[in-house]
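Here is what each chain is made of, one letter per residue.
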Amino acid sequence: MGKPEAKLRGAFTDSWFAWLISVMSFCTFYALSANVVSLGVILPEFLDHLQVSQAMIGLLGSIKIATFDLTAGFASAGLYIPSNVIVHQYHNKRRALASSLASVGLSFSSFTFPVFMRLTIQNFGWRAALVMLASIQAQMVAAAMMFMPNPDLHVKPPPTQMDEQDRGIEQKKSEDVIIESTNVKACSIDASILKNPAFVFLLFAYQLASSAAIVFGSFAIQRGIFQGVDGLQASFIMSSFGACSIIGRIAAGFIGNLECTRKDMQVSGCVFMAGVIVILSIFAGSSLVLHSIFAGCFGIMNGCYNSIYTTLLVDIVGLSELPKAMGYIQLVKCVISFGSLPLAGYLFDVTQNYVATYLLVGICDVVAGVLLLCSGLANRKRKKIEAIEMKEFTDVQL
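Residue numbers run consecutively from 1 along every chain, following the written order of its sequence. Since the coordinates come from a predicted model, pLDDT governs what is reported: local features require at least 70, and pairs of side-chain atoms require 80 or more to be given and counted, while whole-chain, interface and lining totals use all residues. Water and hydrogen atoms play no part in the side-chain values, which are based on all heavy atoms of the structure.

The protein chain has the name Major facilitator superfamily (MFS) profile domain-containing protein in an unreviewed UniProt entry, where Capitella teleta is given as its organism.

Following this line, the structure appears as structure tokens:
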């Protein structure tokens, strides 16, 4: 678990087709993000039309993420993981950069979609805006049809010295594995990945950071309107978030692709700073400029984190375990997200302001940054132990 992956080689890996796959992933990410961003734009209309509390509207958004209906929520969850994993399968040399550029689709949607949807609502009503959202979602089909598995993964690379050492270590542990496997049914769920402390730390850190970003985006426009910003102008708050998030994702990709970069430190630092920015944003008042600046700074940090965390995940669990790891992450995310938006709305209903909501969001990001740092330290410790085991085995063989 988490051992170094063999270097992929072949006709498809790092080829022009690999970059085409990244473009298709960009498209699916755009549509997925439009689905989530739409809640923040349409929230004022729902509050006026449905005449319910913000906690109830938050529950509606949670069902979408865990959308206004369950079908779209399940479909989005089923597309998000393949859109991430497929990029890592096709890229080896520039994996961090390719993953970051593909994820720009998420930020580009936040940059363009709020204004488009707000104009549609003002001219044709919120129902027409939902029809526009549905048409964008339908375009994902063509892009997703390109997501075939990388044929190079089925070609066994020639063994290296590292592979031989790994094989020796695995052989030394084979008897215990055989004994343990006899007691496990074939249809049981493989939870062995949860024995990796680095993954467990990242698992919980991602949930806190993801929930914080969802709450920030869902209520950013409504918070601006509540504090005195014009409705149409308030949509530019999320546009600022999206534009700066694009910058953050691209910059993180180039930085993360450098051999000297500590991705764990890069990710944990960005999440920690995102929390500090959210806490400071409670002083934005009725200023559109301040709301946009705080949203932009948060977008940079959030974009840096989201574009590189999957590459960090590969380093922790390995490419072969990436789909399983992301499955666990998204499963827990759905459970936690189901309660995060209603809780955020409830805090507003009780206090009649957004101070408590955004303080909680900032604290979640700060704690997530600390957990990510712990994940990096645990992963480095695991690698040192594996290196010692390899050295001991090599000495015995000699």
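Peer 1: Sorry, what's going on with the packing of helix α4 (residues 95–124) against helix α5 (residues 126–138) here?
Peer 2: What describes two packed helices is the angle between their axes and the distance between those same axes. To define axes, lines are fitted to C-alpha atoms, for helices over the stretch in contact only, and angles between the resulting N-to-C directions are given on a 0 to 180 degree scale. By the criteria applied, helices consist of DSSP H or I runs no shorter than four residues and strands consist of E runs no shorter than two, each listed in order from the N terminus. Orientation of α4 relative to α5, taken along the N-to-C sense of each, is 140 degrees, at an axis distance of 7 Å. Between α4 and α5, the crossing angle belongs to the class labelled oblique. Like other packed secondary-structure pairs, α4 and α5 cross with a definite hand, here right-handed. Contact residues: α4 offers F113, F116, M117, T120, I121 and F124, while α5 offers W126, A128, A129, L130, M132, L133 and I136. Following the grouping adopted for this structure description, the nonpolar residues are Ala, Val, Leu, Ile, Met, Phe, Trp, Tyr, Cys and Pro, the charged ones are Asp, Glu, Lys and Arg, and the polar ones are all others, Gly among them. For the contact of α4 with α5, a count of residues per class yields 12 nonpolar, 1 polar and no charged. Angles below 35 degrees are treated as roughly parallel, those above 145 as roughly antiparallel, those between 65 and 115 as roughly perpendicular, and all remaining angles as oblique. Left-handed describes a crossing whose near helix is turned anticlockwise from the far helix through less than a right angle; right-handed describes the clockwise counterpart. Residues count as neighbours in contact if any of their non-hydrogen atoms are within 4.5 Å of one another.

Peer 1: What is the right way to read the packing of α4 against helix α10 (residues 231–256) from this model?
Peer 2: α10 packs onto α4 with a crossing angle of 175 degrees between their chain directions and a minimal axis gap of 8 Å. Comparing their axes, α10 and α4 come out roughly antiparallel. Here the residues of the contact of α4 with α10 are counted per class, giving 19 nonpolar, 12 polar and 2 charged.

Peer 1: So what exactly am I meant to see when it comes to the nonpolar core here?
Peer 2: By convention a nonpolar core is built from buried Ala, Val, Leu, Ile, Met, Phe, Trp, Tyr and Cys residues, the set being connected through side-chain atoms within 4.5 Å. Here's how the labels work: a residue is buried when its accessible area is under 20% of the maximum for its type, exposed when over 50%, partly exposed in between, all with a 1.4 Å probe on protein chains only. Counting residues in each nonpolar core, the largest one holds 51 residues, and the members touching the most others are F199, Y305, L313, M326 and I329. The leading source of residues in this core is helix α12 (residues 288–317), at 9 residues. Apart from residues no more than four positions distant in its own chain, L313 is found in contact with F199, L202, G318, L322, A325, M326 and I329. Counting residues in each nonpolar core, the second largest holds 38 residues, with I221, V278, A284 and Y358 among its members.

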